[in-house]
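Each chain is listed here by its residues.
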Amino acid sequence: MLSVLKKDSRQLKKYRMLVNQVNALEQVMQSLSDDELKHKTIEFKERLNNGEKIEDIQVEAFAVVREAADRVLGMRHFDVQLIGGFVLAEGNIAEMPTGEGKTLVASLPSYLRALEGKGVHVITVNEYLARRDKEQIGKIHEFLGLNVGLNLPIMDPGAKKIAYQADITYGVGTEFGFDFLRDNMVYDSSQRVQRPYHYAIIDEVDSVLIDEAKTPLIIANKTDVHADLSYLCSRIVKTFKLDEDFLFDEETKTVSLTEEGIAKIEKGFGIDNLYEIEHQTLYHYVIQALRARVMFTRDVDYIVKDGKVLLIDMFTGRAMEGRSLSNGLHQAIEAKEGLELTEENKTQASITIQNYFRQYPILSGMTGTAKTEENEFRELYNMSVVQIPTNKPVIRKDLSDRIYMTIEDKYKAVTKEVKKAHAKGQPVLVGTTSILQSEKVAEYLKKEGLEFELLNAKSVEQEVRLISLAGQKGQITVATNMAGRGTDIKLGDGVAELGGLYVIGTEKHESRRIDNQLKGRSGRQGDPGKTQFFISLEDDMFRRFAREELEKLLKHVDADDTGLVTHKKAKDFVERTQRICEGSNFSIREYQLKLDNVINTQRNTVYSLRNKVLDESNMLPIQFSLISKAAEDVIRDLCNPELDSDEWRVKDLEEKLSIIFPVHKFELTEEMDSIDEIHELTNKAIEHYFGELDKLQDKSEFQTISKRMLIAYIDHHWLDHIDAMEKLKEGIGLRGYSQEDPIRQYEREGLELFQYMYYNLEMDIARETASIYKKLTAPTV
Ligand code: ADP
Ligand code: MG
């Protein structure tokens, strides 16, 4: 512990020195005219061009931004904000509590890194904040001669391109990810909107890179679903019993069928073996129906509104309009609810948020809560977390948890506590972990005749407005933990005297980090405040992650007449269980990442080939390499040098090679027994063929047709491959009975599928190139 502290203070010392240097420049900057200050931008760019490094100019650049902010916004960066800026500039995470002014902190490194002329992306958690931050901070940057852009989903490609050309671009992470995917689906390089990645600052970085990390961004188009099959499967699995017909692993969230379950399906559908390849579709529907049943609870994970299933964001508790689950899972939930089925989406392109952001050479982030996940940030993103001292000391009181026997006891105590605080006018924010829970709390408060704001399923704007009012005298606000993240709660008049904002948590989240987020709502910028969690031993988390330990504990502890348990054992148990949860969730994320890495590498390979096709004017070298590879593969396949040459299929090879090389007459004889000889022939053929193709080159028609053909085949094979990979992944967890490590198995089979896809792609390109060649050389009549 001590050594950690020492290391932290040593680290801070380095930043303090830099801050002193910035402070020393203050008078010089103040003496400059507006124009002279602005001219600094040009000067810095020149210095970078002349070989100076970011580190050489960062102190001066920060001093310039601070002076500009003071002139334009009347806000002068606090010293601790400069520290935050240095941490971001070097690609790390600045942990700064709510209210410390992270928006202004970002103005420093975004300016500095923008000087390199390669674009800076500032990522916020919602559009409202992107707009707000761009408006405010943009004024500083524009004053200094940079241009600032905003990237929004409603914009057309032309407008997006302008936004991305700007020195600094604001927007929501998902939209940047979607632009990446769309850029890899264009048919002409001029249609791309993004530039190569350079540097990004992610606000509320834990929410983006941890909570949302594995969220896939999917571009899909519609395909039909088997509606009947969906309803049938839904009906059958409704009769299934857990542990008898199917298994469900709560921790890894996987479902699988038992022998009994399989038998029931086979009987129900009159088939012999569910695992036969021809029943793959049925199997898929059964599994999705099971998932819909056990993993999705109405009013917790989704709501039904106007005959539609709306998913609920587990962090904000907001219904997510327009978001749907892929792979038929959405339809399975609709079938479960007896709703009309929407069309199913077939994936055209997808990437997880995590893998999108891992593409940036320099990535940085800021948040109030990162330290608890420090290892994860280091391991997965190579970012360190630096805790920045607060501008003013935090005087908020975080009271220790109150643990109750039952949920009922807990809510009663919460209600009593809210009533007490409200009676003296102190504002209270009650945080919950789900909509369902928010409504429970609301019921109790209503019974007591208390008036409150309930922040369920509100729009971002409403949420922001209501949350920002939560610090007013007499206000009671009930919201899920993450609602209105990024919005400041300012205290109303006379509220500081009443002790500031009182935050009450009603359940421990699976991560301490989210609890800390809730606590951080109170006591900003040296304000007074108080936080307390009210929990019960009946809460979900304990049952799910520590059932046995809980039972043991219950034998040892007892409660007073309000149900309060004060035993130290109970406190330890709560803390330990939360750690177990964190560990387990981390493992799941790690596992997912490993799975995702497989398709990620493949995507990189295919996208870089695709981009090459779009970017280059001469297709010949690309065709050359694909076609040579096709020839090699065919030879290896049909005349495996490890086999006896008697077993070679020389005639088949001759046929295949003649397709690949239309200008060459191959004469292979069954007697051929030297692989070198065959290679010699094909090498000659390749040379000859490409000599001929080269002669065509002045015919721009060949290039145009080839380019179109290449893109079409790449897309076609890639889309099929994504589908195959999704199905493979689906099967992985379910075939848990095999001896092999599931990740290894997925990697191995994923690679096989990829090689197979690539081989087909090469062969198609070879065949098509031959046919283009023939068409162009055919004697015109
Ligand atoms: P955070 O994102 O860290 O929670 P915000 O960026 O929302 O904080 O800022 C909180 C408030 O503090 C805002 O009203 C902002 O204008 C104000 N603020 C930030 N930095 C300064 C500063 N240096 N001087 C004055 N006000 C500031
Ligand atoms: Mg903020």
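What you see is a predicted model; the values in this text were computed from it and never measured.

1. Notes on the domain arrangement of the protein
Link 1 in the chain: The domain boundaries assigned to the protein delineate domain 1 (2-215 + 354-387), domain 2 (225-342), domain 3 (397-566) and domain 4 (599-777).
Link 2 in the chain: Spacing between the C-alpha centres of domain 1 and domain 3 amounts to 34 Å.
Link 3 in the chain: On the domain 3 side, the residues contacting the 19 residues of domain 1 number 15 residues.
Link 4 in the chain: Contact between domain 1 and domain 3 buries roughly 1,500 Å² in total, counting both sides, with carbon and sulfur atoms accounting for 48%.
Link 5 in the chain: Put simply, domain 1 and domain 3 have 3 salt bridges between them.
Link 6 in the chain: Ionic pairing is found between Asp 211 and Arg 513, a salt bridge with its closest N-O pair at 2.7 Å.
Link 7 in the chain: Linking domain 1 with domain 3 are 6 residue pairs in polar contact (both at pLDDT 80 or more), by the criterion used here.
Link 8 in the chain: Put simply, the parts of the chain that give the side of domain 1 that touches domain 3 at least two residues each are α7 (127-143) and α10 (205-211).
Link 9 in the chain: With 4 residues, the single largest contributor to the side of domain 1 that touches domain 3 is α10.
Link 10 in the chain: For the side of domain 1 that touches domain 3, a count of residues per class yields 5 nonpolar, 8 polar and 6 charged.

2. Description of the site of ligand 1
Link 1 in the chain: Taken together, 16 residues are adjacent to ligand 1, and Arg 76, Gln 81, Gly 99, Lys 102 and Thr 103 come closest.
Link 2 in the chain: In the environment of ligand 1, a nitrogen atom lies 2.8 Å from a nitrogen or oxygen atom belonging to the backbone of Arg 76.
Link 3 in the chain: Tallying contributions element by element places helix α6 (residues 102-114) first for the shell around ligand 1, with 3 residues.
Link 4 in the chain: Its residues assigned to classes, the shell around ligand 1 comprises 4 nonpolar, 6 polar and 6 charged.

3. Concerning the side chain of Glu 582
Link 1 in the chain: Among the secondary structure elements, Glu 582 is positioned in helix α22 (residues 568-615).
Link 2 in the chain: Setting aside residues no more than four positions away along its own chain, Glu 582 makes contact with Glu 510, Ser 511 and Arg 512.

4. Focus on the packing of aromatic side chains
Link 1 in the chain: Applying the stated criterion across every chain yields a total of 20 aromatic pairs.
Link 2 in the chain: Through pairs of rings, three or more aromatic residues link up here, namely Phe 180, Tyr 197, Tyr 356, Phe 357, Tyr 360, Tyr 607 and Trp 718.
Link 3 in the chain: In this arrangement the basic side chain of Lys 508 is found over the ring face of Phe 533, its NZ or CZ atom lying 5.0 Å from the centre.
Link 4 in the chain: Over the ring of Tyr 187 we find Arg 610, and its NZ or CZ is 5.9 Å from the ring centre.

5. Overview of the pairing of strand β17 (residues 428-432)
Link 1 in the chain: Burial runs high along β17: 5 of the 5 residues are buried.
Link 2 in the chain: Where β17 lies against strand β19 (residues 476-480), 5 bridges are found, and the strand directions are parallel. Across the sheet, residue Thr 432 finds its bridge partner in β19, namely Thr 480.
Link 3 in the chain: One ladder, built from 4 bridges, connects β17 with strand β20 (residues 501-505); its direction is parallel. Looking at the pairing, Leu 429 lines up with Val 503 of β20.

Definitions and limits used
- Residues numbered from 1 in each chain as written.
- Chains lettered and ligands numbered in written order.
- Predicted model: local features only at pLDDT ≥ 70, side-chain atom pairs only at ≥ 80, totals over all residues.
- Heavy atoms only, no water.
- Domains from an automatic or database assignment.
- Contact = heavy atoms within 4.5 Å.
- Buried area = accessible area lost by both parts, 1.4 Å probe.
- Salt bridge = Lys/Arg side-chain N within 4 Å of Asp/Glu carboxyl O.
- Polar contact = N/O pair within 3.5 Å; in protein donor to acceptor, adjacent residues only side chain to side chain.
- Helix = DSSP H or I, 4+ residues; strand = E, 2+ residues; numbered from the N terminus.
- Nonpolar A, V, L, I, M, F, W, Y, C, P; charged D, E, K, R; others polar.
- Near = heavy atom within 4 Å.
- Phe/Tyr/Trp six-rings, centres within 6.5 Å; stacked < 30°, edge-to-face > 60°.
- Lys NZ or Arg CZ within 6 Å of the ring centre and 35° of its normal.
- Buried < 20%, exposed > 50% of the residue type's maximum accessible area, 1.4 Å probe, protein only.
- Pairing = 2+ DSSP bridges.

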